[in-house]
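Okay, here's what each chain looks like letter by letter:
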Amino acid sequence: MPHEGSLLQTAVIFLLAAVICVPLAKRLQLGAVLGYLLAGVVIGPQALGLIRDTQSVAHISELGVVLLLFIIGLELSPRRLWLMRKSVFGVGLAQVLLTGAVIGGIALLGFAQSLPAAIVLGLGLALSSTAFGLQSLAENKQLNAPHGRLAFAILLFQDIAAIPLIALVPLLAATGPDTSHGDSLGHGLRVFASIAMVIVGGRYLLRPLFRTVARSGLPEVSTATALLVVIGTAWLMEQAGISMALGAFLAGLLLADSEYRHELESQIEPFKGLLLGLFFISVGMGANLRLLLDMPLLLISLTLLLVAVKLVLLMLVGRFAGGLNTLNALRLGVVLAAGGEFAFVVFKLGRDQGLFDAQTYDLLLMTITLSMAITPLLLLGCARLVKRPPAPREVPEQYKAIAGDAPRVVIVGMGRMGQIVARILRAQRIPFIALDTSVDAIEMTRLFEEAPVFYGDPQRAEVLHAAKVGEAEYLVITTDDPEATTRTAEQVKRLYPHLKVLARARNRQHVHKLVDVGAEPIRETFHSSLEMSRMALVGLGLSEQQADERIRRFTRHDEEVLAAQGRVRDDKAKVMQTAKEARVELQRLFESDTP
């Protein structure tokens with residue numbers, strides 16, 4: 001019973017630390033990985049001492065890495081890799097080899113490490129943080145930027161490269177002076193035999209097994225089978241004397257094109273996230289905090305050396321192999337300059353295999369952690385350094401000269417809505433011209449639609465005059481910026497009071513503003529929502545005629561409510577009361593129409 005209480009207490013401590021530290025780290029824009037590391041440091045033996053048996057936790061947490069590599073293998077479909085082959089296997093390979101060679105050389109010559117240790121050090125520190133990199137790119141909406149796409153390709157190759165690196169560590173450790181040739185040969189034969197068993201078993205046994213389990217219709221058995229495949233393959237590889245993670249990766253790779261791939265991924269993902277978090281907590285628990293007090297200058301120097309070397313090499317690779325300009329190459333370097341999660345796995349394995357002594361391992365651990373900790377600061381500094389207004393793209397003269405006969409319609413904005421309006425008007429042979437302030441949008445519309453689109457700010461009187469807006473019958477504003485739409489409508493109605501203005505409205509509040517300036521608002525999502533509702537009503541048993549009548553009744557009712565709310569929009573209480581009364585009234589209208 002005490003053991004059970006101790007187990008429950010340990011679980012509570014882990015979960016509480018994660019729940020507090022991880023959201024805090026995310027709020028400080030430090031990332032989830034640092035949050036887990038911080039949680040481990042806090043509850044570990046060198047801080048609060050709430051957990052002292054770090055070895056037992058480390059053994060369990062290694063399953064998180066095993067499941068992570070299974071998911072990576074599962075996602076590496078050959079088709080995806082083929083599409084990105086140049087960036088992944090060209091630029092990614094160049095980055096890992098160049099960075100690994102330089103850092104390995106520094107470790108060998110500057111820090112007197114053995115050749116096997118220097119190889120593991122160089123390649124391990126060449127890897128970057130996938131979690132940090134992708135998260136920062138997504139938060140800054142840069143995944144589709146040139147440096148974002150290249151960073152994704154490099155991180156993808158690094159994930160692939162981590163697999164053979166993890167398998168390489170025991171082999172390098174086995175090449176020491178005390179290891180005989182016969183032992184190495186026997187170990188190699190066991191490795192190849194185990195890999196062959198996994199490949200053959202995966203090809204001929206896994207799919208029939210999952211097919212049989214799927215027919216049982218029991219989700220818990222399906223989950224148990226997925227875990228059995230991953231953990232069983234990892235155990236088999238461990239028995240052969242190589243990394244459990246390699247076995248899990250191979251199992252995932254064999255099932256990458258399986259029809260059960262998505263089901264497997266959804267079943268493994270929750271376990272992977274939880275156990276991977278536990279792995280980083282265990283790493284944090286093992287961090288030697290005394291090094292910060294005993295060797296602060298050495299740690300800071302190692303951290304800055306790592307970041308500086310990787311930053312420079314990444315810029316070179318991005319500039320010359322990836323074809324980026326200097327600014328984007330700098331952004332790429334800042335995103336990927338820190339150490340990565342896989343380095344924790346590789347170096348822990350290296351320590352266990354005897355490649356590093358305890359102090360070297362502790363220094364490596366703290367260096368990677370500090371490099372990850374300063375990454376948000378580097379990103380912030382880079383953003384401020386390069387934050388300057390982008391040079392406006394030069395507008396070709398033919399885009400400025402607004403030519404053409406007097407249009408019946410002038411369209412402002414050639415995005416998705418503007419293009420549809422233009423296509424319908426052209427099909428009806430109604431003369432129109434369009435204005436936009438994006439050169440890219442103008443070029444694309446002229447290329448694909450061959451529409452009369454010109455460059456010009458519709459809030460400027462001279463542009464409106466050049467476009468002959470005063471001779472048109474309608475001005476259609478389709479821009480997605482509510483403030484700009486309102487200002488444009490106001491300017492046009494002031495200069496040309498007779499002109500009918502149709503304007504795209506973002507929401508109900510925007511409708512009121514447009515009405516105030518004399519425009520007729522068209523709610524951007526209103527009519528598509530009505531059509532979706534009509535189709536749903538028909539599918540739920542109403543006839544087409546009944547559904548159409550409900551939609552017409554709702555439309556009239558909503559327009560009346562909108563007008564009523566417009567009269568009291570400055571009084572929040574009255575607006576809420578109007579909405580409440582409208583719900584009751586609408587239900588009454590529908591019920592009165594029900595046979």
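Residues numbered from 1 in each chain as written. Predicted model: local features only at pLDDT ≥ 70, side-chain atom pairs only at ≥ 80, totals over all residues. Heavy atoms only, no water.

Let's shift gears to the packing of helix 15 (residues 326-336) against helix 17 (residues 358-385). Closest axis-to-axis distance for the helix 15/helix 17 pair is 9 Å, and the angle between their directions is 165°. Taken as axis vectors, helix 15 and helix 17 run roughly antiparallel relative to one another. When the axes of helix 15 and helix 17 are compared, the crossing they make is left-handed. Here helix 15 contributes Leu330, Arg331, Val334 and Val335 to the contact with helix 17, which in turn contributes Thr375, Leu378, Leu379, Cys382 and Leu385. Classifying every residue of the contact of helix 15 with helix 17 gives seven nonpolar, one polar and one charged. (Axes fitted to C-alpha atoms, helices over the stretch in contact; angles between N-to-C directions. Helix = DSSP H or I, 4+ residues; strand = E, 2+ residues; numbered from the N terminus. Parallel < 35°, antiparallel > 145°, perpendicular 65-115°, else oblique. Left-handed = near helix turned anticlockwise from the far one by under 90°. Contact = heavy atoms within 4.5 Å. Nonpolar A, V, L, I, M, F, W, Y, C, P; charged D, E, K, R; others polar.)

On to the environment of Met285, then. Summarising the element assignment, Met285 is placed in helix 12 (residues 261-285). In sequence terms Met285 and Gly44 are 241 residues apart; their C-alpha atoms lie 4.3 Å from each other.

Per-residue confidence for the protein gives a mean pLDDT of 79; residues scoring 70 or more make up 84%. Least confident of the elements in the protein is helix 18 (residues 397-400), whose mean pLDDT is 54; most confident is strand 4 (residues 474-477), at 94. Here residues 1-5 is a poorly scored stretch, pLDDT under 50, and it has zero contacts once near neighbours within four places are set aside; other chains count. Within the model, the stretch residues 177-182 combines pLDDT values under 50 with two contacts to residues more than four positions away or in other chains. (pLDDT = per-residue confidence, 0-100.)

Glancing now at the environment of Ala337. When you line up the elements, Ala337 lands in the loop between helix 15 and helix 16 (341-352). Linking Ala337 and Leu314, residues 23 residues apart in sequence, is a C-alpha distance of 7.6 Å. The residues contacting Ala337, other than those within four sequence positions of it, are Leu306, Val307, Lys310, Leu311 and Leu314.

Scanning the entire structure with this criterion turns up 15 salt bridges. Its salt-bridge partner being Arg504, residue Glu524 comes within 2.7 Å of it at the nearest N-O pair. Remark: Arg504 occurs in strand 5 (residues 500-505) and Glu524 occurs in the loop between strand 6 (520-523) and helix 24 (526-539); sequence separation between them is 20 residues. On the basis of relative accessible area, Glu524 is assigned to the partly exposed category, the value being 25%. Classification of Arg504 as buried rests on a relative accessible area of 13%. The salt bridge involving Glu549 is made with Arg553; its shortest N-O contact spans 3.6 Å. (Salt bridge = Lys/Arg side-chain N within 4 Å of Asp/Glu carboxyl O. Buried < 20%, exposed > 50% of the residue type's maximum accessible area, 1.4 Å probe, protein only.)

Further remarks concern unusual backbone geometry. Phi angles above zero are rare outside glycine, and Arg429 is one such case at about 60°. Looking at the element boundaries, Arg429 is found in the loop between helix 19 (416-427) and strand 2 (432-436). In this model, Lys468 sits at a positive phi of 55°, which is unusual for a non-glycine residue. Tracing the chain through its elements places Lys468 in the loop between helix 21 (461-466) and strand 4.

What follows concerns the sheet that holds strand 2. Taken together, the six strands give an open sheet; going across it, the order is 3-2-1-4-5-6, and neighbouring strands pair in parallel fashion. Looking at the sheet topology across the chains shown, the edges are occupied by strand 3 (453-455) and strand 6. With strand direction ignored, the average angle separating the axes of adjacent strands in the sheet is 25°. Of the strands in this sheet, strand 1 (409-412), strand 2, strand 4 and strand 5 touch helix 19, which is tilted by about 160° from strand 1. Against the sheet, helix 22 (residues 482-495) makes contact with strand 4 and strand 5, and its axis sits at roughly 175° relative to strand 5, the strand it touches most. (Pairing = 2+ DSSP bridges.)

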